[in-house]
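The lines below spell out each chain.
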Amino acid sequence: MSDALSEDGSEQNDSQEDVMTPVELIAKLEEAWLNEKFSPDLLENKSEVVECVMEQLNHMEDNLQRVSKGDMKASVHRMEIDRIRFVLSSYLRSRLQKIEKFFPHVLEKEKSRADGDPSYLSPEEYAFAREYLANTETYLKAIALRHMPPNLQAVDMMKAVPEPCLDSFVFLRVKERQDNIMVEPETDDQREYVVDLDVGSQHLMRYRTIAPLVSTGAVQLI
Amino acid sequence: MDPAEVEFLAEKEIVKIIPNFSLDKIYLIGGDLGPFNPGLPVQVPVWLALNLKQRQKCRILPPQWMDVDKLEEVREMERKEDSFTPPPSPYYMELTKLLLNHASDNIPKADEIRTLVKDIWDTRIAKLRLSADSFISQQEAHAKLDNLTLMEINTTRSFLLGSLNCMFKLRSNMQPGTSAGKAPDY
């Protein structure tokens, strides 16, 4: 019984190109969770992390089924599974909320990205966004638009739905040192200035300036 | 973010316990724990320590910083300085609450510690309020907040960020042509 749990828990997940230990995987999931929670915009889709975590969880669940109930180890494993499942669900939920909030812009961004760029939406999320768009259009048509004069029956979703506000302020912690980050002034009498971001320091600034750093993982939103 | 979610993150911190059972090594997805031998200290994350304590399977040892003298020093420094001093631990508030609620019998002078931590928290939140006030009134665009813990940031997060974003929208709507074609998000 202890073998079943121990040998699978310490197994490395090497079905992906870059081998990550489970510890690193969970750390990456939590980083993605916090970044997605605090960023005003939908971030890149981390589907490899999500899939790997689902694999690990299913693996662990299967092992626990085989083992007798009421065992001490089983309960510890189960607690950990619950914790990881919470983070994963919260991450996916944040993404869905943002997709629902910004659906035309999200679809537009996905359509206009180059082939080599990483995608913002997983296939399921893409299908969800398209259905949401179709349903909203049908709903608006049925409820109000068909009663309007014929030349007013079109609704431009891109204009009707507000864009994500990239100028929102966010809190961040620096993971890799960055030099010369431009800080734009708030009022007209201030001048723009540069700041250096030291490792481990925490800052409050506009999201727009540091958005690329979040995608590369140089800063962590907190 | 919910305070409960900040507590969730704090529960990942490592604390020492003395189990009264024995169990060989556990291989969790997030790392290895154990082996557990009765009477020998072992390091586990707080979420596990609290669960074992509730099942009366262990005794929790207070972390290094949870000591009356050390906390008194921190409190004095915090009161003297205008800026934020390094906190006893990045999750001092959550850990104090969790450990003192569930394991106060394992922690010497628990009541004094509770009072000291509350004093430190009150001083820091007062400083935070002052600095947030000056940040907004001077319309700064950037602030460095190295020694703030996540719980303190989270306390002001929704109000501070909400007001800053609101002010930005008011300002950009006053300036003609800055947000061409963008519908403001009310």
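Since the model is a prediction, treat every value here as computed from it, not as a measurement.

1. Remarks on the overall build of chain B
Moving on, step 1. Scanning chain B from N- to C-terminus turns up six helices and six strands.
Moving on, step 2. Taken over the C-alpha trace, chain B has a radius of gyration of 22 Å; the compact-globule value for 186 residues is 16 Å, which it surpasses by more than 25%.
Moving on, step 3. Considered along the principal axes of its C-alpha atoms, chain B spans approximately 70 × 40 × 20 Å.
Moving on, step 4. Split into buried and exposed, the 186 residues of chain B put 47% on the buried side.
Moving on, step 5. Of the contacts made within chain B by residues no fewer than 6 positions apart, 69% connect residues no fewer than 24 positions apart.
Moving on, step 6. With the model as given, the accessible surface of chain B reaches about 9600 Å², and the carbon-plus-sulfur share is 53%.
Moving on, step 7. Averaged over its 23 positive side-chain charges, chain B has a centre that lies 3 Å from the centre of its 26 negative ones.

2. Examining the sheet that holds strand β5 (residues 58-60) of chain B
Residues and elements named next belong to chain B.
Moving on, step 1. Taking strand neighbours across the sheet as the criterion, the three strands line up as β4-β1-β5 in an open arrangement whose pairing is antiparallel. Looking at the sheet topology across the chains shown, the edges are occupied by β4 (42-45) and β5. On average, adjacent strands in this sheet sit at an angle of 45° to one another, irrespective of strand direction.
Moving on, step 2. Of the pairings in the sheet, the one linking strand β1 (residues 14-19) to β4 comprises four bridges and is antiparallel in character. When the sheet's bridge partners are listed, I17 is paired in β4 with V42.

3. Notes on the interface of chain A and chain B
Moving on, step 1. Listed per partner, the contact involves 54 residues of chain A and 48 residues of chain B.
Moving on, step 2. Summing both partners gives a buried area of about 4700 Å² for chain A against chain B, and 65% of it is carried by carbon and sulfur.
Moving on, step 3. The three residues of chain A that bury the most area against chain B are M72, R83 and F171 of chain A, which together make up 15% of that side's buried surface.
Moving on, step 4. Put simply, chain A and chain B have four salt bridges between them.
Moving on, step 5. K12 of chain B serves as the salt-bridge partner of E30 of chain A, at 2.3 Å between the closest nitrogen and oxygen.
Moving on, step 6. The interface formed by chain A and chain B includes 15 residue pairs in polar contact (both at pLDDT 80 or more).
Moving on, step 7. Where the side of chain A that touches chain B is concerned, the elements lending two or more residues are α1 (2-9), α2 (22-38), α3 (47-66), α4 (72-101), β1 (169-174), β3 (193-197) and β4 (202-206) of chain A.
Moving on, step 8. Taken together, the residues of the side of chain A that touches chain B break down into 25 nonpolar, 14 polar and 15 charged.
Moving on, step 9. Note that β4 of chain A and strand β6 (residues 143-144) of chain B share two bridges and pair antiparallel. Its bridge partner lying in β6 of chain B, L204 of chain A is registered against A143 of chain B.

4. Some points on the packing of aromatic side chains
Moving on, step 1. Enumeration according to the criterion identifies seven aromatic pairs over all chains in this entry.
Moving on, step 2. Aromatic pair F169 of chain A and F135 of chain B: ring centres 6.1 Å apart, planes at 85°, arrangement edge-to-face. Remark: F135 of chain B occurs in helix α5 (residues 110-137) and F169 of chain A occurs in strand β1; the pair is interchain, linking two chains.
Moving on, step 3. Assessed through its relative accessible area of 2%, F169 of chain A is described here as buried.
Moving on, step 4. Classification of F135 of chain B as buried rests on a relative accessible area of 7%.
Moving on, step 5. Members of the aromatic cluster, joined through ring pairs, are W33 and F86 of chain A together with F8 of chain B.
Moving on, step 6. Seen from the ring of F8 of chain B, R83 of chain A lies directly overhead, with NZ or CZ sitting 4.2 Å from the centre.
Moving on, step 7. It is K127 of chain B that lies over the ring of F84 of chain B; its NZ or CZ is 5.9 Å from the centre.

5. Here's the deal with the environment of N58 of chain A
Moving on, step 1. Positionally, N58 of chain A belongs in helix α3.
Moving on, step 2. Sequence separation between N58 of chain A and V161 of chain A is 103 residues; the distance between their C-alpha atoms is 38 Å.

6. Some points on the packing of helix α1 (residues 3-10) of chain B against helix α4 (residues 92-103) of chain B
Residue and element names in this part refer to chain B.
Moving on, step 1. At a closest axis distance of 9 Å, the pairing of α1 and α4 adopts a crossing angle of 85°. As far as their axial angle goes, α4 and α1 are roughly perpendicular. In contact with V6, E7 and A10 of α1, α4 contributes E94, L95, K97 and L98.
Moving on, step 2. Residues belonging to the contact of α1 with α4 are distributed by class as follows: four nonpolar, no polar and three charged.

7. With respect to the sheet that holds β1 of chain A
Moving on, step 1. Spatial ordering of the open sheet is given by β5(A)-β1(A)-β4(A)-β6(B), a layout of four strands whose pairing is antiparallel. Each of the sheet's edge strands pairs with one partner strand only, and the pair in question is β5 (219-221) of chain A together with β6 of chain B.

8. Some details on the confidence of the model for chain B
All names here are of chain B.
Moving on, step 1. With 94% of its residues at a pLDDT of 70 or more, chain B shows a mean pLDDT of 88.
Moving on, step 2. Long-range and interchain partners of residues 178-184, a stretch whose pLDDT sits below 50, account for nine contacts in this model, where long-range means more than four residues apart.
Moving on, step 3. Here the complex is predicted with pTM 0.88, and the ipTM for its interfaces comes to 0.88.

9. Focus on the pattern of salt bridges
All names here are of chain B.
Moving on, step 1. One pass over the structure, following the stated rule, counts 28 salt bridges over all chains.
Moving on, step 2. Note that D105 and K53 form a salt bridge whose closest N and O atoms lie 3.3 Å from each other. With D105 in the loop between α4 and α5 and K53 in helix α2 (residues 46-54), this pair connects stretches of sequence that are 52 residues apart.
Moving on, step 3. Judged by its relative accessible area of 60%, D105 falls in the exposed class.
Moving on, step 4. You can call K53 buried: its relative accessible area is 13%.
Moving on, step 5. One salt bridge in this structure joins R79 and D119, with 3.9 Å as the shortest N-O distance.

Definitions and limits used
Residues numbered from 1 in each chain as written. Chains lettered and ligands numbered in written order. Predicted model: local features only at pLDDT ≥ 70, side-chain atom pairs only at ≥ 80, totals over all residues. Heavy atoms only, no water. Helix = DSSP H or I, 4+ residues; strand = E, 2+ residues; numbered from the N terminus. Rg over C-alpha atoms; globule rule 2.2 N^0.38 Å. Buried < 20%, exposed > 50% of the residue type's maximum accessible area, 1.4 Å probe, protein only. Contact = heavy atoms within 4.5 Å. Areas by Shrake-Rupley, 256 points an atom, 1.4 Å probe, with all protein chains shown as cover. Lys, Arg positive; Asp, Glu negative; His and termini not counted. Charge placed at Lys NZ, Arg CZ, Asp CG, Glu CD. Pairing = 2+ DSSP bridges. Axes fitted to C-alpha atoms, helices over the stretch in contact; angles between N-to-C directions. Buried area = accessible area lost by both parts, 1.4 Å probe. Salt bridge = Lys/Arg side-chain N within 4 Å of Asp/Glu carboxyl O. Polar contact = N/O pair within 3.5 Å; in protein donor to acceptor, adjacent residues only side chain to side chain. Nonpolar A, V, L, I, M, F, W, Y, C, P; charged D, E, K, R; others polar. Phe/Tyr/Trp six-rings, centres within 6.5 Å; stacked < 30°, edge-to-face > 60°. Lys NZ or Arg CZ within 6 Å of the ring centre and 35° of its normal. Parallel < 35°, antiparallel > 145°, perpendicular 65-115°, else oblique. pLDDT = per-residue confidence, 0-100.

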